[in-house]
Amino acid sequence: MFFNTEKQLIKRALQGNEGAWSRLCAQHHSRVYNQCLRLVGNPQDALDIAQEVFVSMYRNLHTFNGDAKFSTWVFKITHARIVDHMRKHKFESIESKEPEAHQQGPDVTIVQQQSNQEVYTALKQLPFEQRIVVELKFFQHYTFEEIAVQLELSSNTVKARLYSALGKMKGQLEVQNHG
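Being a predicted model, the structure only gives us computed values, none of them experimental. (Residues numbered from 1 in each chain as written. Predicted model: local features only at pLDDT ≥ 70, side-chain atom pairs only at ≥ 80, totals over all residues. Heavy atoms only, no water.)

Asker: Explain helix α1 (residues 6-14) here, please?
Answerer: Count 3.6 residues to each turn of an α-helix, and residues three or four apart come out pointing the same way. Regarding α1, the residues found buried are L9, I10 and A13. What you see down the axis of α1 is that its buried residues fit within an arc of 100 degrees, all on one side. In this structure, α1 carries K7 and K11 as exposed residues pointing more than 90 degrees from its buried face. Elements in contact with the buried residues of α1: α2 (18-40) and α4 (70-88). Positive phi shows up at G16, right after α1, with a value of about 95 degrees. (Buried < 20%, exposed > 50% of the residue type's maximum accessible area, 1.4 Å probe, protein only. Helix = DSSP H or I, 4+ residues; strand = E, 2+ residues; numbered from the N terminus. Arc of directions from axis to C-beta. Contact = heavy atoms within 4.5 Å.)

Asker: Teacher, can you tell me more about the packing of helix α6 (residues 128-139) against helix α7 (residues 144-151) here?
Answerer: For any two helices packed against each other, one specifies the inter-axial angle together with the distance between the axes. One way to put it is that α6 packs onto α7 with a least axis distance of 10 Å and a crossing angle of 135 degrees. Compared by their axis directions, α6 and α7 come out oblique. For the pair α6 and α7, the sense of crossing is right-handed. Contacts between α6 and α7 involve I132, V133, L136 and K137 from the first element and F144, I147, Q150 and L151 from the second. Taken together, the residues of the contact of α6 with α7 sort by class into six nonpolar, one polar and one charged. (Axes fitted to C-alpha atoms, helices over the stretch in contact; angles between N-to-C directions. Parallel < 35°, antiparallel > 145°, perpendicular 65-115°, else oblique. Left-handed = near helix turned anticlockwise from the far one by under 90°. Nonpolar A, V, L, I, M, F, W, Y, C, P; charged D, E, K, R; others polar.)

Asker: Would you mind showing me how to read the packing of aromatic side chains here?
Answerer: Any two aromatic rings considered together are summarised by their centre-to-centre distance and by the angle between their planes. Throughout the structure, instances matching the rule amount to five aromatic pairs. Put simply, the rings of F64, F70 and W73 touch in pairs and so form one group of aromatic residues. Of note, K137 hangs over the ring of F144, and the distance from its end group to the ring centre comes to 4.4 Å. (Phe/Tyr/Trp six-rings, centres within 6.5 Å; stacked < 30°, edge-to-face > 60°. Lys NZ or Arg CZ within 6 Å of the ring centre and 35° of its normal.)

Encoded structure:
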């Protein structure tokens, strides 16, 4: 069978099928890595954390019961590994860390690059609790309800954190553009 549903891949991976496990990892690698990178700010740390996420997934795949989406389960593991990393580094600030420049195509303008950098700078100045909500809403495209479930918060708390974060980012971007 060339096309497998995620549920079939999980079942086959649990049975020891390495190809199924590889496909599950491939489906989630980019999202996990990018989430790590946006939250910790350092490409090497993001790779290390992503690797820890996939090791945790492998060890705990048998605990996935299918009550929630697999991506939600993966997010919870990713979130836990990021928090562990931040604790190990005593909540070290990411302000001095910049994401590694990725090679861009010729269609990317300097203005877009500068704008992206300004947004990243504003994002990294947010407290972690707000940064994670922005990450989930705008980069992972989850609904308020899905974010609330993942973070074990009320929808109203999620909304309050998001709107507070956006207000702070807006203020920061205005200062950057007019300063």
